[in-house]
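Spelled out, the chains give:
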Amino acid sequence: MSTNIFNQAVEILARNDQGHYTVPTHGLYPFQWNWDSALSSLGQYYVDESRAWTEIETLFAHQWDDGMVPHIIFHKDDDGYYPGPEVWQTNRPVPTTGITQPPVAGFAVRRLLERAKDTEMARRRAAALLPKIAAWHDWFYKARDPENTGLVAILHPWESGRDNSVDWDAAFERVPTEGVGEFQRRDLNHTNPAHRPTQEQYKRYIWLVQLFRGLNWDYTKLHDASPFQVVDPGFNAILLRSSQDLAAMAESLGETELAAKERTRSDKGLRALNDLWSEKRQQYLCYDRVIGDVIDSPSIGGLLPVFAHIDKEHSTAIARHIDELGKRVKYLVPSHHPDDENYDGARYWRGPAWLIVNYMISDGLKREGHHDTAARIISDSVKLIETGGFAEYFDPMTGEPCGGLHFTWTAAMVIEFLKLTGEVA
Ligand code: DGY
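Below, the structure is looked at part by part. All values derive from a computational prediction rather than experimental measurement. (Residues numbered from 1 in each chain as written. Predicted model: local features only at pLDDT ≥ 70, side-chain atom pairs only at ≥ 80, totals over all residues. Heavy atoms only, no water.)

Okay, the overall build of the protein chain next. Within the protein chain one finds 17 helices and nine strands. Over its C-alpha trace the protein chain gives a radius of gyration of 20 Å, about what one expects of a compact globule, namely 22 Å for 425 residues. The proportion of buried residues among the 425 residues of the protein chain is 64%. Partitioning the intrachain contacts of the protein chain with sequence separation of at least 6 by distance along the chain shows that 72% fall at a separation of at least 24. (Helix = DSSP H or I, 4+ residues; strand = E, 2+ residues; numbered from the N terminus. Rg over C-alpha atoms; globule rule 2.2 N^0.38 Å. Buried < 20%, exposed > 50% of the residue type's maximum accessible area, 1.4 Å probe, protein only. Contact = heavy atoms within 4.5 Å.)

Glancing now at the packing of aromatic side chains. Within the structure shown, the criterion is met by 32 aromatic pairs. Seen in terms of ring centroids, W349 and W354 are 3.9 Å apart; in terms of plane orientation they differ by 10°. Their pairing is stacked. Of the two residues examined, W349 and W354, each falls in the buried class. Its end group placed over the ring of Y348, R196 keeps NZ or CZ at 4.7 Å from the ring centre. Lying over the aromatic face of F307, R241 brings its terminal NZ or CZ to 4.6 Å of the ring centre. (Phe/Tyr/Trp six-rings, centres within 6.5 Å; stacked < 30°, edge-to-face > 60°. Lys NZ or Arg CZ within 6 Å of the ring centre and 35° of its normal.)

Right, let's get into the site of the ligand. Taken together, the residues surrounding the ligand are Y29, W33, H71, Y81, W158, D163, R196, Y202 and Y348. H71 is positioned with one of its side-chain polar atoms (N or O) 2.8 Å from an oxygen atom of the ligand. In the model, an oxygen atom of the ligand is placed 2.9 Å from a nitrogen or oxygen of the Y348 side chain. For the ligand, whose unbound accessible area comes to 230 Å², protein coverage reaches 96%. Classifying every residue of the shell around the ligand by side-chain character gives six nonpolar, one polar and two charged. (Near = heavy atom within 4 Å. Polar contact = N/O pair within 3.5 Å; in protein donor to acceptor, adjacent residues only side chain to side chain. Areas by Shrake-Rupley, 256 points an atom, 1.4 Å probe, with all protein chains shown as cover. Nonpolar A, V, L, I, M, F, W, Y, C, P; charged D, E, K, R; others polar.)

Here is the structure:
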């Protein structure tokens with residue numbers, strides 16, 4: 001069974017491979033997505049080690065001069081997706097969007113480096129990526145942490161990767177929809193509307209894009225101009241983990257100054273993250289920078305920090321929290337607490353389980369010694385695939401496959417899980 005699933009996963013990677021980058025799935029997402037690529041490289045490694053590096057190198061070939069690594073790279077025309085390059089107008093040689101996504105690259109590159117069979121190649125390619133990842137991290141702190149708090153804000157829900165999370169609902173009320181004009185969504189041509197964000201949310205997504213476009217994508221202006229500035233603990237944890245991993249790599253490659261800088265940054269961020277811990281919820285919460293208050297929404301964004309070497313007390317509480325969730329759902333980890341009134345088990349980030357988040361959470365739990373909780377997450381993830389195929393996400397109660405099918409990062413995570421558990425040699 002495991003070998004069969006493994007082979008299917010490898011086929012999906014091949015099916016979505018465009019040579020030097022991979023589409024998340026044909027139709028719904030026909031370009032290169034930032035965190036999809038970085039995480040997918042981990043699965044690609046088991047198929048073709050060199051190709052895994054290429055995936056991340058292609059992403060960084062489109063890094064902006066200011067250090068930002070865009071969330072989508074529009075390698076070729078495809079009118080099956082909206083909003084395309086004509087909406088973003090970022091004026092790049094190869095068009096890209098003008099916002100970013102969770103910075104998992106530092107983590108992924110370290111993993112590729114430490115696993116490398118061809119160590120000489122890996123060290124050379126990691127050394128070339130190192131300053132680029134560092135420049136991206138620098139960009140985050142100058143563009144998204146103007147007051148030097150140690151934590152960065154996202155300015156658009158798409159940056160979080162958790163597009164329609166309940167976390168953004170209240171802050172999103174401040175984003176107007178006037179002046180957006182008519183537009184034709186294409187996502188609904190490819191998938192069930194009940195699994196996707198609402199039209200109202202889309203209008204606000206587009207309004208923000210138009211605002212930023214009007215500021216010529218100048219990072220010095222975007223933060224303060226945006227009515228949406230949210231500190232997402234999950235997003236920050238990914239950045240902190242990448243800083244920690246970048247520091248470790250820098251050390252092993254003799255870049256001691258860079259290592260020290262990333263360590264200092266991560267220590268400061270971890271201290272600041274503590275302020276977002278909620279005793280009531282037993283998890284971290286988002287912080288709305290515009291109103292200066294936490295957002296009391298029990299989403300997976302507040303559990304993800306276990307990925308980032310947080311302190312023992314909080315990682316133990318998160319393991320306990322996930323064990324409790326495990327009694328409420330058939331398949332861990334729901335992206336929103338099922339007891340919350342806003343929970344919706346099939347609608348994108350308002351309830352469904354996602355294998356990439358399961359992977360990052362289980363990685364952190366294992367490191368902290370919570371092996372049983374991690375094992376349950378991994379076993380649920382594999383069961384979801386056995387029953388529902390390689391979907392984008394799954395209803396955590398029923399296992400119903402949702403969103404796009406034949407998904408690259410789902411396949412990559414399955415490969416990871418089967419290799420890590422030793423189910424496939
Ligand atoms: C989409 O188009 O749904 C993406 O999630 C934006 O990145």
